[in-house]
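Chain and residue survey
The residues making up each chain are set out below.
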Amino acid sequence: MVDSRTYAFEGERPIIDDAARVSREATLVGDVTVAADASVWPGVVCRGDVGPVEIGRETHVGDNAILHAARLADEVMVGHGAVLNETTVESQALVGFNATINTDVTIGSGSIVAAGTVIPDGYSIPPESFVRGVPAEITPLEKTGIDATSIFESYSSGEYTDLAQRHEEIFE
């Protein structure tokens, strides 16, 4: 029995690909699309009212994250408790636990946003950047010594898709 909380808003209803995994304890409202092999974990709220929420293929949204009018490309990781408001996240980016991404922000592909980071309105994060702090400071990944490929492979590259598939009761 699926108890997923999906709600229409002004005629728009969430669309969930058959191969996506959406927790029955997530809330999806309005213009929300979840692509194949994506996962949306318990407590997540996706509100597509002032703009669409798009969750790309093999993108994973961790427990209690909030997406409001946010667009996540393919292979994005969003950590537990993150808040993304009217944000675009390009492919293979990672947003850490409890990060707050404010209005009209773009996070470039291959970037890492550290846990607890606050990105103010209007920031444009270049691809392959490391972002941390309150307010956010941006450093090119090449200047940090961080191996983004290794980090991303630890959290993605099918491992999280597999984990979601193994959680039979959360996603039944």
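Treat the numbers as computed from the prediction; the structure is a model and nothing was measured. (Residues numbered from 1 in each chain as written. Predicted model: local features only at pLDDT ≥ 70, side-chain atom pairs only at ≥ 80, totals over all residues. Heavy atoms only, no water.)

**Concerning the side chain of Thr59**
As for its position among the elements, Thr59 is in the loop between strand E6 (45–55) and strand E7 (60–61). Using a relative accessible area of 0% as the deciding quantity, one classes Thr59 as buried. One polar contact links the side chain of Thr59 to the main-chain carbonyl oxygen of Ala73, over a distance of 2.6 Å. Aside from chain neighbours lying at most four places away, what touches Thr59 is Asp37, Ala38, Ser39, Leu72, Ala73, Asp74, Glu75 and Val76. (Helix = DSSP H or I, 4+ residues; strand = E, 2+ residues; numbered from the N terminus. Buried < 20%, exposed > 50% of the residue type's maximum accessible area, 1.4 Å probe, protein only. Polar contact = N/O pair within 3.5 Å; in protein donor to acceptor, adjacent residues only side chain to side chain. Contact = heavy atoms within 4.5 Å.)

**What about the sheet that holds strand E19 (residues 129–132)?**
Strand order in this open sheet of 8 strands is E3-E5-E7-E10-E13-E16-E19-E20, and the pairing throughout is mixed. Only two strands of the sheet have a single partner each, and these edge strands are strand E3 (21–22) and strand E20 (137–140). Bridge count between strand E10 (residues 77–78) and strand E13 (residues 94–95): 2 bridges; the pairing is parallel. Counted as the bridge partner of Val78 is Val95 from E13. (Pairing = 2+ DSSP bridges.)

**Examining the pairing of strand E4 (residues 27–34)**
The buried fraction of E4 is high, at 6 of 8 residues. Pairing of strand E1 (residues 5–7) with E4 involves 3 bridges; the strand directions are parallel. Paired with Arg5 across the two strands is Thr27, which belongs to E4. Bridge count between strand E2 (residues 15–16) and E4: 2 bridges; the pairing is parallel. Note that in E4 the partner of Ile15 across the bridge is Thr33. In the sheet, E4 pairs with E6 via 7 bridges, with the strands oriented parallel. Paired with Gly30 across the two strands is Gly48, which belongs to E6.

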